[in-house]
Amino acid sequence: MNSFQESGINFNFRDTCWTVIKYDEHVAHKKVEKVLKPTKAVDFMGIHNGSRLFLIEVKNYRGHTRDKSTREVLGASGEELMRRIAVKVRDTLATAVCAARFSTNDEEFFAHVNRLLLDSNKKLTVIACIEWDVTSEAESKAQMSIWLQKLKQKLIWVHAIKVSVNRISNITEILPDTQVAFV
């Protein structure tokens, strides 16, 4: 298993199915971020079964939903939160393209990422995994539906894309061959 922890959540990607990197901590992102601030990145970039590219962003606001800064991000129907996620996707795609040219480690991974990005028959999958304190399941579903529409609008420029906004409880339904659990 490729095991990673992000925001108090464990992600275990099955080795035989996934090639995954923690992109926001990877040297390819850090090289750009060092000289061009602010440059953002998604938490994970992964290739499933050699044919599907996933970008995964994790936001865990559990226990902090009432904090002023969190309320500002989640307010206005999540407009700011979805903008931040869309910026991370944009910057990740831009830096991943160049990483195939300059990466001294994981060069083949980034070359594969670029082949998938350029293949018009392949869809890029963007998953926003968001946890927050909710009062009801109906509230949760309604909020995720609104966020999903906002994120799709902001990523419309990325053709052939599948966008998903989910909570941890149902993330494995759309993230194959992966075990996800709170720490």
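In case you missed it, the structure is sitting above this.
Here's what I pulled together on the structure shown here. Because the structure is a prediction, the values reported are computed rather than measured. (Residues numbered from 1 in each chain as written. Predicted model: local features only at pLDDT ≥ 70, side-chain atom pairs only at ≥ 80, totals over all residues. Heavy atoms only, no water.)

### Regarding the sheet that holds strand β7 (residues 161–166)
Right, on to step 1. Read from one edge of the open sheet, five strands run β3-β4-β5-β6-β7, paired in mixed fashion. One side of each edge strand has no neighbouring strand; the edge strands of this open sheet are β3 (18–21) and β7. Taken pair by pair, the neighbouring strands of this sheet meet at an average axis angle of 20 degrees, ignoring direction.
Right, on to step 2. In the packing of helix α2 (residues 68–102) onto the sheet, contacts are made with β4 (44–48), β5 (52–60) and β6 (124–131), and the angle to β5 comes to roughly 140 degrees.
Right, on to step 3. Sheet strands in contact with helix α4 (residues 137–154) are β6 and β7, and its direction is about 150 degrees off that of β7. (Pairing = 2+ DSSP bridges. Helix = DSSP H or I, 4+ residues; strand = E, 2+ residues; numbered from the N terminus. Axes fitted to C-alpha atoms, helices over the stretch in contact; angles between N-to-C directions. Contact = heavy atoms within 4.5 Å.)

### With respect to the sheet that holds strand β2 (residues 9–13)
Right, on to step 1. Reading across the sheet, the three strands line up as β1-β2-β8 and stay open at both edges, with antiparallel pairing between neighbours. The sheet is open, and its two edges are formed by β1 (2–6) and β8 (178–182), each paired on a single side. Strand-to-strand twist across the sheet, computed as the mean angle between neighbouring axes with direction ignored, equals 15 degrees.
Right, on to step 2. Relative to β2, β1 is paired through five bridges, and the arrangement is antiparallel. Residue pairing across strands places Glu6 opposite Ile9, the latter belonging to β2.

### A word on the nonpolar core
Right, on to step 1. Core analysis: the largest hydrophobic core is formed by 37 residues, its most contacted members being Met45, Leu81, Phe110, Ile130 and Leu151.
Right, on to step 2. Looking at this core, the elements with two or more residues in it are β4, β5, α2, α3 (107–118), β6, α4 and β7.
Right, on to step 3. Looking at this core element by element, the count peaks at 10 residues for α2.
Right, on to step 4. Among residues more than four places away in sequence, those in contact with Leu81 are Lys59, Tyr61, Val73, Leu74, Ile130 and Trp147.
Right, on to step 5. Membership of the second largest hydrophobic core comes to 17 residues, among which are Phe4, Ile9, Phe54 and Cys129. (Core = buried A, V, L, I, M, F, W, Y, C linked by side-chain atoms within 4.5 Å. Buried < 20%, exposed > 50% of the residue type's maximum accessible area, 1.4 Å probe, protein only.)

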